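# Per-entry structural report
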Amino acid sequence: MKKQQTILITGASSGIGRQIAKTLAENGHKVFAGVRKKSDKIQLEKLNKNITGVYIDVTKSSSIDKAFWFIIKNTDKLDVLINNAGIAVAGPVEGLTAENIKEQFEVNTFAPLRMLYKFLPMLHGGKIINMSSMASSGIFPYISPYCASKRSMDILFNAFALENKDRVKVISVKPAVIKTPIWNKSVKHARELFEKQNETVREKYIKDLLLMEKNALESNNSGIDVSKVALKVLHIVEKNNPKPSYCVGIKSNLAMMLSAFPQGFINKLIKFKLGRL
Ligand SMILES: NC(=O)c1ccc[n+]([C@@H]2O[C@H](COP(=O)([O-])OP(=O)(O)OC[C@H]3O[C@@H](n4cnc5c(N)ncnc54)[C@H](OP(=O)(O)O)[C@@H]3O)[C@@H](O)[C@H]2O)c1
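In every chain, residue numbers begin from 1 and rise along the written sequence. Reporting in this predicted model follows two pLDDT cut-offs: at least 70 for local features of residues, and 80 or more for side-chain atom pairs to be given and counted; totals over whole chains, interfaces and linings ignore these cut-offs and use all residues. For side-chain calculations, the full set of non-hydrogen atoms in the structure is used, while hydrogens and water are omitted.

### Description of the environment of Ala 159
A run of H or I in DSSP becomes a helix once it reaches four residues, and a run of E becomes a strand once it reaches two; helices and strands are each numbered from the N terminus. With respect to the element layout, Ala 159 can be found in helix 5 (residues 144-163). Burial classes: relative accessible area under 20% of the type maximum marks a residue as buried, over 50% as exposed, and values in between as partly exposed (1.4 Å probe, protein chains only). For Ala 159, a relative accessible area of 27% translates into the label partly exposed. On a C-alpha basis, the gap between Ala 159 and Val 170 in space is 9.6 Å, while along the polypeptide they are 11 residues apart.

### Some details on the site of the ligand
Throughout this document, a residue counts as near a molecule or strand when at least one of its heavy atoms sits within 4 Å of that molecule or strand. Around the ligand lies a shell of 30 residues, among which Ser 13, Ser 14, Tyr 146, Thr 180 and Lys 185 are the nearest. In this structure, Thr 180 approaches the ligand through a side-chain N or O atom, which is 2.5 Å from an oxygen atom. Within the contact set of the ligand, an oxygen atom lies 2.6 Å away from a side-chain nitrogen or oxygen of Lys 185. Mapped by element, the contributors of at least two residues to the shell around the ligand are helix 1 (15-26), helix 5 and helix 6 (182-195). The element best represented in the shell around the ligand is helix 6, accounting for 3 residues. Just so you know the grouping, Ala, Val, Leu, Ile, Met, Phe, Trp, Tyr, Cys and Pro go in nonpolar, Asp, Glu, Lys and Arg go in charged, and all remaining residues, Gly too, go in polar. Partitioned by chemical class, the residues of the shell around the ligand number 16 nonpolar, 10 polar and 4 charged. For the purposes of these results, a polar contact is taken to be a pair of N or O atoms within 3.5 Å, where, inside protein, one atom must be able to donate a hydrogen and its partner to accept one; residues adjacent in sequence count only when each atom of the pair is a side-chain atom.

### Digging into the nonpolar core
With 29 residues, the main nonpolar core has Ile 20, Ile 82, Ile 129 and Val 233 as its most contacted residues. Of all elements in the fold, only strand 1 (6-9), helix 1, strand 2 (30-35), strand 4 (80-83), strand 5 (127-131), strand 6 (169-175), helix 8 (226-238) and strand 7 (245-248) reach the threshold of two or more residues within this core. A per-element tally of this core places helix 8 first, with 7 residues. For this analysis, residues touch if any pair of their heavy atoms sits within 4.5 Å. The residues touching Ile 20, leaving out its near neighbours within four places in the chain, are Ile 9, Ile 82, Met 131, Ala 230 and Val 233. The term nonpolar core refers to a set of buried residues drawn from Ala, Val, Leu, Ile, Met, Phe, Trp, Tyr and Cys, joined through side-chain atoms within 4.5 Å. Formed by 26 residues, the second largest nonpolar core is a distinct cluster that contains Phe 119, Leu 123, Met 153 and Phe 157.

Below, the structure written as structure tokens:
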């Protein structure tokens, strides 16, 4: 029996986060599972007695503060913080606003930092596992806000890993496309943002939007099962010296490798894929 660890995970109501909470709890770990709705808290707590739902909206400091006091009342230590909550803002750059991109960074980049600043005093010698993505390679057009938010998170936390004096390890998990509700939500959101654009932009980019929607839904349908990410996270939680970064799925390894090539080469390849050469 492995040593029981106490873990806080954000965004546990669905998809990857829910499966991670379930897998960790089934393996004997104590899980504080971040949710925003009462019904999600009830459902998660029914899954396993090792799960305690905790309300966290990661974009609100007051909500993070409340979660911190709840957790401190219920445990004296935290071994692992998993920053999993995320959204995907998509669209051609010209069809977005700075506010749209800020929304993306609020959830995927600034929120993990807020969690770090709040929970660091409880994490001495522990781990932070960040749910990054193969999008952190930065090579994909039409989801550039998402790519940039994940890349920025990785850069900031890698620097923290090198700098911090509390022996906190940081691990970035970079899954390829996983079958979860995120892609349907993202397509719906992208359509709403696009429809707010002026007619000139809409005319210029309507074909791109349709292609983007088709790709998102197709890749979701052929996506990897959430259990693959959850088992990787279990492995990281239980390992004494995990690596700083793990890809999940071969496409993630390929994307990370490709991103090391010269930009001109990468762009030619992407244009070829998009039928623009
Ligand atoms: N699916 C993929 O292909 C894929 C690949 C690589 C990385 N990832 C990453 O994996 C993570 C989980 O995504 P998923 O695919 O499992 O999608 P998902 O099923 O849509 O889950 C997203 C989770 O984030 C939560 N969330 C969103 N905004 C939040 C906020 N402001 N405060 C607190 N929680 C919030 C959602 O809670 P509510 O239900 O309350 O909205 C939900 O629990 C994300 O960081 C995503 O970028 C996903």
